[in-house]
Every structure is written in structure tokens, then in C-alpha cells.
Protein chains: 2
Amino acid sequence: VNESPIAVFDSGVGGLTVFREVQRLLPNEHLLYFGDTARLPYGNKSSETIVRYALKSAHFLCNEGIKLLVVACHTASACALPALQGALSIPVLGVIQPGVDLLLSTTQTRRVAVLGTKSTIESGIYQALLSSKVELFPIACPLFVPIVEEQFFDHEIALLTAEHYLHSLRSTEIDAALLACTHYPLLRHTIQKVLGSQIAIVESAAACAQQVQKLLWTKQLFNQQGPAFSRFYTTDRLSHLTSIATTFLGKDVQTICVNLD
Amino acid sequence: VNESPIAVFDSGVGGLTVFREVQRLLPNEHLLYFGDTARLPYGNKSSETIVRYALKSAHFLCNEGIKLLVVACHTASACALPALQGALSIPVLGVIQPGVDLLLSTTQTRRVAVLGTKSTIESGIYQALLSSKVELFPIACPLFVPIVEEQFFDHEIALLTAEHYLHSLRSTEIDAALLACTHYPLLRHTIQKVLGSQIAIVESAAACAQQVQKLLWTKQLFNQQGPAFSRFYTTDRLSHLTSIATTFLGKDVQTICVNLD
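Small disclaimer: the values here were computed from a predicted structure and weren't measured.

A. Local environment of the relation of the copies chain B and chain A. Laying chain B over chain A is done by rotating through 180° and shifting 0.0 Å along the axis; what remains is an RMSD of 0.0 Å. Read as a symmetry element, the transformation amounts to a two-fold axis. Relative to the rotation axis, the closest C-alpha in chain B is found at Arg39 of chain B, a distance of 2.7 Å. Residue by residue, 100% of the interface of chain B is reproduced at the interface of chain A, so both copies engage with the same surface.

B. View of the side chain of Thr17 of chain B. Residues and elements named next belong to chain B. Relative to the assigned elements, Thr17 resides in helix α1 (residues 16-25). By relative accessible area, which is 16% here, Thr17 ends up buried. A distance of 3.0 Å separates a polar side-chain atom of Thr17 from the backbone oxygen of Gly14. Residues contacting Thr17, with those up to four places away along its chain left out, are Thr182, Ala205 and Phe248.

C. Up close: the confidence of the model for chain A. Averaged over all residues, the pLDDT of chain A equals 95, while 99% of them reach at least 70. With a pTM of 0.93, the predicted complex shows an ipTM of 0.90.

D. Region of interest: the packing of aromatic side chains. Residue and element names in this part refer to chain A. For the structure on display, the rule yields 22 aromatic pairs over all chains. Plain terms: the ring middles of Tyr42 and Tyr53 are 6.0 Å apart, the flat faces sit at 40° to each other, and that makes the pair tilted. In this pair, Tyr42 sits in the loop between β2 (31-35) and α2 (47-63) while Tyr53 sits in helix α2, placing the two residues 11 residues apart along the sequence. The burial state of Tyr42 is the same as that of Tyr53; both residues are buried. For the pair Phe144 and Tyr184, a centre-to-centre distance of 5.1 Å together with 85° between the ring planes defines the contact as edge-to-face.

E. Seen up close, the pattern of salt bridges. Here the structure, examined in full by the defined rule, presents 20 salt bridges over all chains. Close ionic contact of Glu29 of chain A with Lys67 of chain A constitutes a salt bridge, the shortest N to O distance being 2.6 Å. Here the residue Glu29 of chain A occupies a position in the loop between α1 (16-25) and β2, and Lys67 of chain A occupies one in the loop between α2 and β3 (68-71), the gap between them amounting to 38 residues. A single burial state applies to Glu29 of chain A and to Lys67 of chain A, both of which are buried. Here Glu122 of chain B makes a salt bridge to Lys118 of chain B, at a shortest N to O gap of 3.2 Å. With Glu122 of chain B and Lys118 of chain B both in helix α5 (residues 118-123) and 4 residues apart, the pair spans about one turn of that helix. Relative accessible area serves as the criterion here: at 27%, Lys118 of chain B is assigned to the partly exposed category. One network of salt bridges, with partners in common, ties together Asp36, Arg39 and Asp261 of chain A together with Arg52 of chain B.

F. Highlighting helix α8 (residues 156-166) of chain B. Of the residues making up α8 of chain B, those classed as buried are Ile157, Ala158, Leu160, Thr161, Ala162, Tyr165 and Leu166 of chain B. Buried residues belonging to α8 of chain B abut α8 (156-166) of chain A together with β5 (111-116), β6 (135-140), α7 (144-149) and α9 (188-195) of chain B.

G. Structural detail: the packing of α8 of chain B against α9 of chain B. Residues and elements named next belong to chain B. Closest axis-to-axis distance for the α8/α9 pair is 9 Å, and the angle between their directions is 50°. Here α8 lies oblique to α9, going by the angle between them. Two packed elements cross with a definite hand, and for α8 against α9 that hand is right-handed. Residues Ala158, Leu159, Ala162, Glu163 and Leu166 of α8 lie in contact with α9, whose contacting residues are Thr190, Ile191, Lys193, Val194 and Leu195. Of the residues assigned to the contact of α8 with α9, the class counts are 7 nonpolar, 1 polar and 2 charged.

H. Structural context of the state of the cysteines. Evaluation of the coordinates by the stated rule reveals 0 disulfides over all chains. Distance from the sulfur of Cys141 of chain B, which forms no disulfide, to the nearest cysteine sulfur (Cys181 of chain B) is 9.1 Å. Left without a disulfide partner, Cys257 of chain B is nearest to the cysteine sulfur of Cys79 of chain A, which lies 15 Å away.

I. Looking closely at the sheet that holds strand β6 (residues 135-140) of chain A. All names here are of chain A. If you trace the 4 strands from one edge of the open sheet to the other, you get β6-β5-β7-β8, paired in parallel fashion. Strands with a single pairing partner mark the edges of an open sheet, and in this sheet they are β6 and β8 (200-203). Each strand axis lies, on average, 20° off the axis of its neighbour in the sheet, ignoring direction. One ladder, built from 6 bridges, connects strand β5 (residues 111-116) with β6; its direction is parallel.

J. Local environment of the interface of chain B and chain A. Facing 36 residues of chain B, the contacting portion of chain A comprises 37 residues. Taken together, the two surfaces of chain B and chain A that pack against each other cover about 3,000 Å², and 54% of this comes from carbon and sulfur. Applying the counting rule to chain B against chain A returns 4 salt bridges. A salt bridge links Arg237 of chain B to Glu48 of chain A; the nearest nitrogen and oxygen atoms lie 2.7 Å apart. Seen at the junction of chain B and chain A, the total is 20 residue pairs in polar contact (both at pLDDT 80 or more).

Reading the values: rules and limits
Residues numbered from 1 in each chain as written. Chains lettered and ligands numbered in written order. Predicted model: local features only at pLDDT ≥ 70, side-chain atom pairs only at ≥ 80, totals over all residues. Heavy atoms only, no water. Least-squares fit on C-alpha atoms with pLDDT ≥ 70 in both. Contact = heavy atoms within 4.5 Å. Helix = DSSP H or I, 4+ residues; strand = E, 2+ residues; numbered from the N terminus. Buried < 20%, exposed > 50% of the residue type's maximum accessible area, 1.4 Å probe, protein only. Polar contact = N/O pair within 3.5 Å; in protein donor to acceptor, adjacent residues only side chain to side chain. pLDDT = per-residue confidence, 0-100. Phe/Tyr/Trp six-rings, centres within 6.5 Å; stacked < 30°, edge-to-face > 60°. Salt bridge = Lys/Arg side-chain N within 4 Å of Asp/Glu carboxyl O. Axes fitted to C-alpha atoms, helices over the stretch in contact; angles between N-to-C directions. Parallel < 35°, antiparallel > 145°, perpendicular 65-115°, else oblique. Left-handed = near helix turned anticlockwise from the far one by under 90°. Nonpolar A, V, L, I, M, F, W, Y, C, P; charged D, E, K, R; others polar. Disulfide = S-S within 2.5 Å. Pairing = 2+ DSSP bridges. Buried area = accessible area lost by both parts, 1.4 Å probe.

The structure is reproduced here in C-alpha cells:
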């Protein structure tokens with residue numbers, strides 16, 4: 001039993017999907033959310049830079065006394081998970097493996113697509129984890145994140161962009177696609193429309209929360225005391241995080257701005 | 001006479017338009033280009049964060065012994081010019097005033113538009129400089145920068161996005177529009193198509209280079225020795241800057257990566 005908080009870390013607001021699933025599944029756990037909004041996006045930067053930013057954010061969170069770090073950003077999970085696990089004395093979970101497991105349990109044809117940022121796809125991690133098991137079609141979709149940030153969810157611009165990135169998948173006979181970026185579930189309807197209704201679209205947030213639960217039980221880190229608190233940090237003041245988190249989580253959220261430079 | 005280099009500073013590659021104009025106009029001047037690619041984009045971050053990043057970049061460049069700093073990024077010019085001028089002992093020029101002067105000398109109806117990033121428009125600087133002189137229609141176009149970075153220049157996605165941001169200008173009877181972001185000239189054809197051929201579209205790069213020339217003569221800082229060198233710095237290794245600069249400037253460019261964290 002451990003009453004310390006769990007931290008959910010992302011470059012921006014996308015990790016709130018993971019935060020919400022963890023909160024649903026583990027209502028007694030104290031939770032910190034950290035959005036590195038002064039340095040976002042991570043998705044088009046180098047591994048070295050992403051590792052540096054992730055380590056700074058993680059050290060700040062460790063100083064806040066967390067018992068577990070959840071890396072909710074696919075790019076940071078793809079590029080920085082081993083560095084974080086090597087540098088920290090607490091357990092660190094990412095979103096890559098939960099998504100891979102879910103994708104493998106979903107496909108029947110063994111032909112699947114993974115959609116992610118440029119840095120995530122170029123990291124080669126999905127190729128390394130999946131290529132021996134399935135026929136994999138990895139696709140980088142750089143414009144999806146700014147489109148989500150502009151809230152063009154069911155807009156014609158989103159549809160045209162999804163057509164541009166995904167039309168080549170039509171001839172591949174895939175039966176499942178993983179949304180390997182926390183922003184992409186907000187374009188789910190548009191992506192489904194382009195891929196067709198027979199393709200199963202999966203995402204990693206709920207699967208990641210289940211791994212968090214499993215790890216707390218395995219390591220006897222769970223918290224049985226209530227009521228649980230949650231705190232929200234950003235690295236830039238000007239951030240949609242406050243309003244998005246309030247809308248998304250359905251309660252009034254205050255954010256604390258910290259300067260990690 | 002001063003043989004020290006001039007620095008052109010931007011968050012990414014957009015400032016190369018200013019760099020090229022300065023190089024054309026002042027072929028004897030040594031030039032440094034600095035793209036803060038590890039922290040880009042600036043356009044959706046807070047003034048405080050932009051000031052912090054601009055000061056770090058400027059201090060690095062001052063240690064390289066520059067005689068003049070040209071802030072080629074409109075967002076950094078809008079948010080950080082006074083802070084840079086206060087902190088540095090060398091002259092600092094931005095791209096806001098040259099663009100404003102050009103816009104005022106272009107319009108006849110005194111009804112103009114300014115297109116920029118969210119941070120540039122929200123800084124209120126164009127409103128402060130122009131509102132007493134013209135009827136101003138300022139428009140933030142957040143998706144233009146990622147569209148340029150995806151090189152969707154004459155693509156249907158660019159056209160649809162430009163329609164979305166600019167259709168309201170059709171009823172305003174403007175006769176001139178300023179592209180107040182160094183990325184936007186790459187979407188010039190698309191923007192012209194949406195605004196109509198009767199609207200004059202102006203940009204600040206050449207006007208800024210002329211102000212650089214004027215300042216060098218006024219302060220007797222020009223260099224008459226040749227041949228001039230140029231050097232290119234980025235803060236992130238993974239950057240299009242090398243290939244884009246090589247294409248854009250028509251010569252082989254090597255970039256040096258510096259870590260300012």
C-alpha cells in the first residue's frame with residue numbers, strides 16, 4: 001500500500017484520455033497530470049531532444065513524490081521509455097506495449113496499420129514489436145495533431161487530410177488500425193469514414209490504464225485511502241489545458257504553471 | 001566599419017526568406033542563421049515563454065560576436081522585441097515595423113488585413129500600430145504553419161483551410177493584406193486565389209532587409225571586406241533546415257546543432 005500519487009505525463013493535452021481511464025479504473029489513486037506545453041509538439045523533434053525534455057519533466061514529477069510514472073505520449077514512449085526507466089527509481093509505464101497487445105488481440109487477418117506522429121513512426125518501435133507477428137503498415141500523419149488542436153473534428157479539412165494520409169491503406173486488406181497518438185481518437189469518426197466501417201480502430205488509453213492497475217497490484221502500490229486528489233501542471237501559461245481538462249473531465253480544473261528551462 | 005556578423009533569428013526555417021533578402025542586399029556581410037527548432041513553434045505559446053526562448057537564443061548569438069540581431073520571426077518580434085532591446089547592447093531589428101510601413105504605403109482604401117499566428121495576432125501589436133491609421137482586420141491562421149511544413153503548398157487542403165480563415169474578408173472591402181508570418185509567403189498563391197486578384201498581398205522580408213541596410217549605414221556598421229561567410233545553427237538535430245536552406249539558397253548548407261536547455 002502506497003499513498004503517493006501516480007503521474008500521467010504528456011507533451012500537451014492528449015494524455016488526458018489516459019488520465020481519465022486511470023481515474024475511472026482507480027478512483028482511490030491520487031493523480032498528477034503534467035503537460036509539457038512550452039515544448040510541444042514532441043512529434044516532429046529528434047529522439048535526443050525528446051529524451052532531454054522527458055527526463056526534465058520526469059525529474060520534476062519525482063520531486064513531487066510520485067510512485068509511478070505513466071508516459072501517456074506515444075512519441076515520448078517511443079523515444080524515451082528506456083532512458084526514463086534507466087534514470088528513475090520508480091516504475092515507468094508507456095502506451096506503446098498496451099496498444100500493441102490490443103492490436104494483436106484484435107486482428108484476425110494479421111494485417112494491421114499503425115498511425116502516429118513522424119517521430120513515433122520513424123522511431124521504428126512498432127515495426128520492431130510487430131513485424132515478426134503481422135503484416136504492418138505504419139503511417140505518419142503529421143497534420144492530425146494541429147487539426148485536432150484547431151478543433152476541426154468532423155470538418156472537411158480533417159476528412160481531406162485523412163484521405164491524403166490513409167487512401168493507400170484501402171488496397172492493403174488490413175482489418176485493424178491502432179491510433180498511436182493520444183490526439184487521434186478525436187478524429188476517430190473521420191478516420192473510420194476513410195478506412196471503412198469494416199476496419200476495427202483501437203487506441204491505447206484503456207489498455208494502458210489496465211496495465212497501471214495490474215502493476216499496482218503486482219507491486220503492492222495501490223492506495224485504499226480516500227478521497228483522492230488530482231493536480232494539473234503545464235510548462236506554459238498559455239495553454240488550452242485548463243479549459244480542455246475542465247470540459248473533458250467534467251469538473252473544474254486549475255492548472256499550475258512550472259518553468260523547467 | 002565593423003566586420004562582425006549579422007544574425008538572423010527565427011523559431012524554424014521561415015526566417016530564411018529574410019536571410020536571403022539580407023544576403024542579396026548586403027553581399028559583403030557575414031551572416032549567421034539561427035533556427036530554434038527544439039522549441040518551435042512559437043506561434044501558440046505565451047509571451048513569457050517566447051521572451052525566455054528569444055533571450056536564450058540571443059545570448060548565444062551575442063557570444064558568437066554579432067553586431068546586429070534581426071528577429072525574422074513575427075511572433076518573437078511581436079512578443080519579445082522590447083525585452084531583447086532592453087537586454088542586449090547591440091541593435092535589434094524586428095519584422096513588424098517594416099511590414100506595417102509597407103502595408104501603409106500599399107493601401108489606398110485604408111482597409112487592410114493582417115494574417116498571422118495566434119500569438120502574433122493576440123499580442124495586439126498590429127492593432128496598436130495600425131488602428132489609428134486604417135480599418136484593420138487581423139486574422140489568426142494557426143493551421144497555415146503546419147500546412148507549409150507538410151509542403152501542401154498548392155494542395156486542396158491548403159485551399160480549403162485558407163477559405164475557412166479568410167472567407168469573412170470578402171465583405172470587408174480591403175485592398176491589401178500583410179502576410180505577418182514568414183511561413184505564409186509559401187501559401188501566397190493559395191491566399192491570393194481566396195482573396196481575389198485585386199487584393200495586394202505584401203510581406204516583410206525585403207522591407208526588413210532594407211531597414212538592416214539603413215541601420216548599418218546610419219551606425220557605420222557595414223563591412224566592406226570580402227568574401228563573406230554564412231553559418232547555420234539549429235537547436236534540434238532533426239530539422240528540415242539543412243535541406244530546406246540548401247534548396248532555398250541554392251547552395252550546400254551545413255547546420256550546427258547547439259543545445260540551449
